[in-house]
There are 2 protein chains.
Amino acid sequence: MHRRSGLLIAVGVCAGLATTPAAQSGSTSWDTRFRELPQPSNIRAAMERLSARPHHVGSPYDKDNAEWLLSRFKEWGWDAEIETFSILFPTPTERVLELLEPTRFTAKLEEPVDPADPTSNQKGEQLPTFNAYSIDGDVAGPLVYVNYGRPEDYQVLERYGISVRGAIVLARYGESWRGIKPKVAAEHGAVGCLIFSDPKDDGFGAGDVFPNGPMRPRDGAQRGSVMDMPVYPGDPLTPGIGATADAKRLAIKDAQTLTKIPVLPISYADAQPLLASLSGVVVPADWRGGLPITYRFGPGAGRAHLKVAFSWDQKPLYDVVARLRGATFPDQWVVRGNHHDAWVNGAEDPVSGLSAMLEEARGLGELRRQGWAPKRTIIYCAWDGEEPSLLGSTEWAEAHGAELQQHAVAYLNSDGNGRGFLEVEGSHTLEHFINDVARDITDPETHLTVWQRQQARAIDGAKAEDKEKVRARSDWRIGALGSGSDYTPFLQHLGIPSLNIGYGGEDRNGIYHSIYDDFYFFTHFLDTDFAYGRTLAQTGGTAVIRLADADILPFRFSNLADTVRTYDEELQLLVKKKRDEIRERNREIADGVFAAIDDPRRPRAAPRAETIPPALEFTPMSRAIETLTRRAVALDEARAAAAKKQAPPAALAAIDVKISQSEQQLLDAAGLVHREWYKHLLYAPGFYTGYGVKTIPGVREAIEQGQYDSVPMEMARVAKALEREAAWLDGITKMLNALK
Amino acid sequence: MHRRSGLLIAVGVCAGLATTPAAQSGSTSWDTRFRELPQPSNIRAAMERLSARPHHVGSPYDKDNAEWLLSRFKEWGWDAEIETFSILFPTPTERVLELLEPTRFTAKLEEPVDPADPTSNQKGEQLPTFNAYSIDGDVAGPLVYVNYGRPEDYQVLERYGISVRGAIVLARYGESWRGIKPKVAAEHGAVGCLIFSDPKDDGFGAGDVFPNGPMRPRDGAQRGSVMDMPVYPGDPLTPGIGATADAKRLAIKDAQTLTKIPVLPISYADAQPLLASLSGVVVPADWRGGLPITYRFGPGAGRAHLKVAFSWDQKPLYDVVARLRGATFPDQWVVRGNHHDAWVNGAEDPVSGLSAMLEEARGLGELRRQGWAPKRTIIYCAWDGEEPSLLGSTEWAEAHGAELQQHAVAYLNSDGNGRGFLEVEGSHTLEHFINDVARDITDPETHLTVWQRQQARAIDGAKAEDKEKVRARSDWRIGALGSGSDYTPFLQHLGIPSLNIGYGGEDRNGIYHSIYDDFYFFTHFLDTDFAYGRTLAQTGGTAVIRLADADILPFRFSNLADTVRTYDEELQLLVKKKRDEIRERNREIADGVFAAIDDPRRPRAAPRAETIPPALEFTPMSRAIETLTRRAVALDEARAAAAKKQAPPAALAAIDVKISQSEQQLLDAAGLVHREWYKHLLYAPGFYTGYGVKTIPGVREAIEQGQYDSVPMEMARVAKALEREAAWLDGITKMLNALK
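Just so it is clear, the structure is predicted and the values come from calculations on it, not from any experiment.

Participant: It is not clear to me how the overall build of chain A should be interpreted in this structure. Could you clarify?
Facilitator: A count of helices and strands for chain A gives 24 helices and 18 strands. A compact globule built from 740 residues would reach a C-alpha radius of gyration of about 27 Å, and chain A, at 26 Å, matches this within 12%. Buried residues in chain A amount to 58% of all 740 residues. Considering only residue pairs separated by 6 or more positions, chain A has 81% of its internal contacts joining residues 24 or more positions apart.

Here you go:
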């Protein structure tokens, strides 16, 4: 280990880059001291307690955990409370899946107890395998295999002349978020949707299965939400408002985000007889999975019957919210969160992240006892109901939207945590800030800084032509946020600057959302010594302390401008690529190329001719980006100059409010097309990818979906938002320059 | 069908390109008439007869087939004979494979009789599953999985710290020619080599298995030669000379082409327990196959025992050679060949090609009865012993080398045939010629010309940036010849202009070299109505008639020059790419990037630093190509002008000899490094790919293997050969221009 580290410093993978950030006066020593505090043993103990029993929304142990968390915060000197909401959370009353023909087979739909695993036997408290927010349904029909169930998979089926109309589709987990699969299936006329875990993806094909290893055993199935979250997350009955006891609710039949067809997740043991019953053409190589059968499209002689019914109950949510009041800027809030609910025992998801965050809270309480007084108010949140659809965070953010837009300077999210690299996505105004944090955190395996380790990974992973750019940039790039955890309401609905942080990339696991994600599993196969739990606590705590104590909030806007410029380039390239591809393909269709190469034994229709994208005018957006870039650079310079001045707190407070509200300039009250809940014009989960982000989503999705007519309007909205942002920054610059 | 064809002609996938070749005076009508003659029913009958029993080298039915073929040629008016050689062909006397630890398992090594398949039960005549020219051996050791067993696979193992020294390797079939696998394994210190058929590649993963479909059943294994053919093919004891009864032979111990370690092919049923016994790190995704297990590198607790012993006998070879004497240029020979021996019944390999060729021979005989007198002598050959290592063709070519270099104007090879596209590789001087033939052959499925269909495929398959180049070129490009069939001695040892032709690309099959490759199989799953058998006969016959009857041989040298220019570009790009890659990788190694991203639970060493390729001077070769291009264009123009003259046969004969000997200018008597048998400086099978061609092999392999010091000398040899060729062409141009 040490040799590696010495080598690196000597020859300099990061020579000259490992500088510490410009110190916030007075804070360096506190965050340095803080980093000594997190203890793996505490994180381990918290995980053992929190994952001891199933603790999904509405379960006894979910409430018990919330109360335990509340006590801990209080014990450590936080001003903590539980805030409750009431939300719709259906749980299954009936689940039947059977093959009717050509042979009879009834799916087990059951994850067996494993004798090695002491908590897998808590059958009475476990939710069965199901997909939340599937509608009730009782359907029968032929089966068709649709690969990952993405729109492009249906284009392949169409060329083979295979329709899913009236069929139950078999989609495998992966590539798109699970909720996309029934959505796209229903758009194509399917009557039911089965989502199976293929052993190639997270079962024996990828490694030893539980309990011999971390991969999914044959009867394991992935629970999970299939709500149409790209439309809006949270309680289906209270879009846009907090699901308080007295909130006005939609009727269930009017809830837009429930699935259109019944859905059920199944194991690969249950999937195999269904897949084996399909006949017809053998699927292409990239559709083949790891079961020892020949994968075919279907349909075939097989007919299946799927029945699911749910108890459509309101359930209580318990959000634990804990505050340390700021001494100087009490009305400025640094918000940190991780969810506490799980599908079952949830040691990895979410307790690995939650227990690290809890250790941060303990450390911050300890610092406070030692005399530290954070300048800003710090709010730590343990969310309930993330798994069904970001319920706890969304309802809280909706209930407190106006306050948050006024007071929150940033939201820092975590979720599951593991061994490996610091993985960050979020607001690019915070990109430089989190890079600086990473420069001060030590990786427990290599003893490099986590910044160096991630930089090495970025160099290794870059295409040959991009490696120099990666090396030359002083900050590594952070990803943009799509969805899949609790940052979504903060960033995409309210415009609170947000980051999602966590470690990972070394261990794969296949027990996600199963009964086996428990303490036994985590301590045998993942971050077994909680070294990365400690590292996450150090990272989160350092970030929180610096955000809380900075006189001028450590945002860097040139990173945002630089990032938006890359999106503009990407979009221009996307249009060019689409234009070239469609023009070429249309020509090949017209020339009969597809007919000429067709195999009459496995006939495929030619793809459909598409409209060639018209010339799209990017100038307004590009020009706005130029303006933004100039203003951003000016602001960053003014901020650096101002840091040397001794300005009074009141003057700084006004500037900081403006800085933290800059992200809101990128919102549009009208929201995105067909999903007005999403207000952010730079970041959104993809309408057809689910978790996967679409940057500048209005423009990008219009281009991707061939709705070229709406591009100019979408582009104009973005240009206007960027100009608004530029003017906003200019205002901040003037305030900074006016400081004495 | 008709609609497609109409559409194509109307909108013009090939508009303006479907012209017929410049007619050879008098020949058009004969080749047009010829194309009416081939009958699917005859091809079917020939296949049924030839594949009725196992007919490997030395078997009774191998000889019986040769005699039957001889009778057919004679019946159709050919002057035919059987020419015999005596070669070393070991057959197994003992085959044992067992897992000794951790559990006991004895491999079956047996392909079971299938009741649906009437010839699969001919056990008494079948060769068992084995790899020919493995040495005898009795070894035991741990097992290591080496993926496809290519040099790059061992680089992956090295990074994981896994050695095969003293181990028995498990390599899967595919990607490289099978003979490469034991060769590379032995270079790395392995003591034995098992080659298994992975179901992902040609078993149930790829489609229904026999007898329900054409893919390999669980106990099916691939026989095949593992001789070191990239050194020299043919009888191991008589390199470079015909293996006549009195030939001087090496002692077996001195034969360079036998394997260094014992080798055995196994089925996936036999492979599964062995692979399942491996422990250690899970292999990367591209190493994983289709068995329902977790693939690991090994070694593990498992130890295996492999014993193979052979009867090292001399066996007779029966080459059937049939002649139609030329009327005008009897000393100029058009040679056509396909092998007749098989590993077992061999309906697909080789009888599908052989029976089509036989139908050509019948048709040519019929034309002759109708009054046709070919100008040149036509020689049809049915080779014995292709499967073990091109024995029949190599020994015949070696025995008749001097005559062939004097008289042969071209060699046209076929092997197995199937549905789909005309696939051609060979001498680029014949590229334009075979394009012209393809323009006159109708594809039975689309009723387009086979030229149009292949052109459509080339457009479809081209990278976006290459599509226009494909459309603009009046001839589609043909591939270069590596090895794997009987053209090798003609082209690469003797410099006879050669083509390999066959149809394929629509059906995959997994019964290759098994007992199930028989008449039942072929007529159920492949070219079931022999429509493509007929098409191959039409193609081969048309080509032979045109080559036989052309006054001036229809070579086009600008196609050669253009092709060599692309090789020069490729090589320059290869050096640049290697330089960039190695420089970058060395930098990453020095910077500690690999150490920084390493996972201590699955440690990998950094790759080894390599020498950056020095600046290599391509000018001499590039300049020679420029000269060649000018001379080639001048010759093509002179030829076109000469075609309008009425020159006396004697003058033409002298020119034709020079044209056909032009390929010999590209030979170097010293041969390639470490394998002097291979004399051609443009085309050779790769030393580490086996069948896969390496163009300009001396230069390319020196670069690939990092032997940069030898590049200038290799480049000089090529430049000299190209200059020799250019001068030779200049001589022909002068002769053409001198014609009255």
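Having seen the structure, we can now continue with the description.
Participant: Sorry if this is basic, but what is going on with the interface of chain A and chain B here?
Facilitator: Accessible area lost upon the coming together of the parts serves often as the stated size of an interface. Chain A puts 40 residues into the contact, and the matching count from chain B is 40 residues. Elements with a contribution of two residues or more to the side of chain A that touches chain B: α1 (2–11), α14 (450–461), α19 (557–591) and α20 (593–597) of chain A. Here the side of chain A that touches chain B takes six residues from α14 of chain A, the largest share from any one element. Looking at the side of chain A that touches chain B residue by residue, the class counts come to 18 nonpolar, seven polar and 15 charged.

Participant: What's the story with unusual backbone geometry in this structure? I'm lost.
Facilitator: Phi is mostly negative for residues that are not glycine, and the peptide bonds are mostly trans. Of the consecutive residues Phe210 of chain A and Pro211 of chain A, the connecting peptide bond is found in the cis state with omega at 10°. With respect to the secondary-structure elements, Pro211 of chain A resides in the loop between α7 (199–202) and β8 (224–225). Cis geometry marks the peptide bond from Glu101 of chain B to Pro102 of chain B, where omega comes out at -5°. Tracing the backbone shows Pro102 of chain B in the loop between β2 (91–101) and β3 (105–106). Even without a glycine there, the phi angle at His447 of chain A is positive, about 65°. In this model, His674 of chain A sits at a positive phi of 65°, which is unusual for a non-glycine residue. Mapping His674 of chain A onto the fold places it in the loop between α22 (649–661) and β17 (683–685). For His674 of chain A, a count of 11 C-beta atoms within 10 Å puts it in the exposed group.

Participant: How should I be thinking about the domain arrangement of chain A in this particular structure?
Facilitator: Residue and element names in this part refer to chain A. Domain parsing of chain A yields domain 1 (2–88 + 315–549), domain 2 (91–312) and domain 3 (557–738). The C-alpha centroid of domain 2 is placed 31 Å from the C-alpha centroid of domain 1. Contacts between the two partners involve 40 residues from domain 1, matched on the other side by 42 residues from domain 2. Among the secondary structure elements, those contributing two or more residues to the side of domain 1 that touches domain 2 are β1 (79–88), α10 (386–389), α11 (391–399), α16 (487–493) and α17 (519–525). It is α11 that provides the largest number of residues to the side of domain 1 that touches domain 2, a total of five residues.

Participant: Hey, could you run me through the confidence of the model for chain A in this one?
Facilitator: Detailed reading of the predicted coordinates is not advisable wherever pLDDT falls low. Residues and elements named next belong to chain A. A residue-level look at chain A finds 96% of positions with pLDDT of 70 or above and a mean pLDDT of 95. Segment residues 1–27: pLDDT under 50, and 50 contacts once partners within four positions in sequence are set aside and those in other chains are kept. Our summary of model confidence lists the complex with pTM equal to 0.94 and ipTM equal to 0.93.

Participant: What exactly am I supposed to notice about the relation of the copies chain A and chain B here?
Facilitator: The operation relating the pair of chain copies consists of a rotation about an axis and a translation along that axis. When chain A is fitted to chain B, the best match, at an RMSD of 0.0 Å, comes from turning it 180° and sliding it 0.0 Å along the axis. The transformation relating the two chain copies, once decomposed into turn and shift, fits a two-fold axis.

Participant: I would appreciate a short explanation of the sheet that holds strand β5 (residues 137–145) of chain B in the present structure.
Facilitator: The strands that make up a sheet pair up through hydrogen bonds in the backbone, lying either parallel or antiparallel. All names here are of chain B. Within the open sheet, the seven strands sit side by side as β3-β2-β10-β5-β6-β7-β9. Their pairing is mixed. Two strands lie at the open edges of the sheet, namely β3 and β9 (263–266), each paired on one side alone. Where β5 meets strand β6 (residues 168–172), three bridges bridge the pair, whose relative direction is parallel. Bridge pairing links Val144 to Val169 in β6. Each of β6, β7 (192–196) and β9 is contacted by helix α6 (residues 180–187), which is oriented at about 145° to β7, the strand it contacts most.

Participant: I would appreciate a short explanation of the packing of helix α21 (residues 619–642) of chain A against helix α24 (residues 711–738) of chain A in the present structure.
Facilitator: For any two helices packed against each other, one specifies the inter-axial angle together with the distance between the axes. Residues and elements named next belong to chain A. Their axes nearest at 8 Å, the elements α21 and α24 cross at an angle of 20°. With respect to α24, the axis of α21 lies roughly parallel. The interaxial crossing formed by α21 with α24 has left-handed handedness. Here the contact of α21 with α24 is built from residues that sort into 19 nonpolar, three polar and five charged.

Participant: It is not clear to me how the environment of Gly166 of chain B should be interpreted in this structure. Could you clarify?
Facilitator: Residues and elements named next belong to chain B. One can find Gly166 in the loop between α5 (151–159) and β6. Taking the number of C-beta atoms within 10 Å as the measure of exposure, Gly166 has 15 and is therefore partly exposed. Sequence separation between Gly166 and Gly189 is 23 residues; the distance between their C-alpha atoms is 6.2 Å. The residues contacting Gly166, other than those within four sequence positions of it, are Gly141, Gly189 and Val191.

Participant: How do you make sense of the pairing of strand β14 (residues 408–413) of chain A when you look at a structure like this?
Facilitator: Each regular strand shows side chains that alternate between the opposite faces of the sheet. All names here are of chain A. Most of β14 sits out of view: six of its six residues are buried. Pairing of strand β12 (residues 329–339) with β14 involves five bridges; the strand directions are parallel. Residue pairing for β14: Trp333 is matched across the bridge by Ala408. Of the strand pairs in this sheet, β14 and strand β16 (residues 498–505) are connected by three bridges, and their pairing is parallel. Considered in β16, the bridge of Asn413 is made with Asn500.

Participant: What is the right way to look at α5 of chain B in this model?
Facilitator: Within an α-helix, residues lying three or four positions from one another point in the same direction, as the helix has 3.6 residues per turn. All names here are of chain B. Burial in α5 covers these residues: Asp153, Tyr154 and Leu157. Buried residues of α5, viewed axially, fall in a sector of 100°; they line one side. Facing away from the buried side of α5, by more than 90 degrees, are the exposed residues Glu152 and Gln155. Buried residues along α5 sit against α6.

Participant: Just to check I follow, could you spell out the sheet that holds strand β11 (residues 314–324) of chain B for this structure?
Facilitator: Residues and elements named next belong to chain B. Read across the sheet, seven strands follow the order β1-β11-β13-β12-β14-β16-β15 without closing on themselves; strand pairing throughout is mixed. Unpaired on one side and paired on the other, β1 (79–88) and β15 (420–426) mark the two borders of the sheet. Within this sheet the neighbouring strands show an average axis-to-axis angle of 20°, counted without direction. Judged from the five bridges that link them, β11 and strand β13 (residues 376–383) form a sheet pairing that is antiparallel.

Participant: I would appreciate a short explanation of the environment of Asp208 of chain A in the present structure.
Facilitator: All names here are of chain A. Of note, Asp208 is situated in the loop between α7 and β8. Overall, the presence of 17 C-beta atoms within 10 Å leaves Asp208 in the partly exposed class. For the pair formed by Asp208 and Gly510, sequence separation is 302 residues and the distance between their alpha carbons is 9.7 Å.

Participant: Looking at this structure, I do not really get the packing of α19 of chain A against α21 of chain A. What am I missing?
Facilitator: All names here are of chain A. Put simply, α19 and α21 touch, their axes get as near as 8 Å, and they point 160° apart. Judged by the inter-axis angle, α19 sits roughly antiparallel to α21. Every pair of crossing elements has a handedness; the one defined by α19 and α21 is left-handed. For the pair α19 and α21, the contacting residues are Phe557, Ser558, Leu560, Ala561, Val564, Arg565 and Asp568 in the first and Met621, Ser622, Ile625, Leu628, Thr629, Ala632, Val633, Leu635 and Asp636 in the second. Counted by class, the contact of α19 with α21 contains ten nonpolar, three polar and three charged residues.

Thresholds, definitions, all that
Residues numbered from 1 in each chain as written. Chains lettered and ligands numbered in written order. Predicted model: local features only at pLDDT ≥ 70, side-chain atom pairs only at ≥ 80, totals over all residues. Helix = DSSP H or I, 4+ residues; strand = E, 2+ residues; numbered from the N terminus. Rg over C-alpha atoms; globule rule 2.2 N^0.38 Å. Buried ≥ 20, exposed ≤ 12 C-beta atoms within 10 Å, placed from the backbone. Contact = placed C-beta atoms within 7 Å. Nonpolar A, V, L, I, M, F, W, Y, C, P; charged D, E, K, R; others polar. Domains from an automatic or database assignment. pLDDT = per-residue confidence, 0-100. Least-squares fit on C-alpha atoms with pLDDT ≥ 70 in both. Pairing = 2+ DSSP bridges. Axes fitted to C-alpha atoms, helices over the stretch in contact; angles between N-to-C directions. Parallel < 35°, antiparallel > 145°, perpendicular 65-115°, else oblique. Left-handed = near helix turned anticlockwise from the far one by under 90°. Arc of directions from axis to C-beta.

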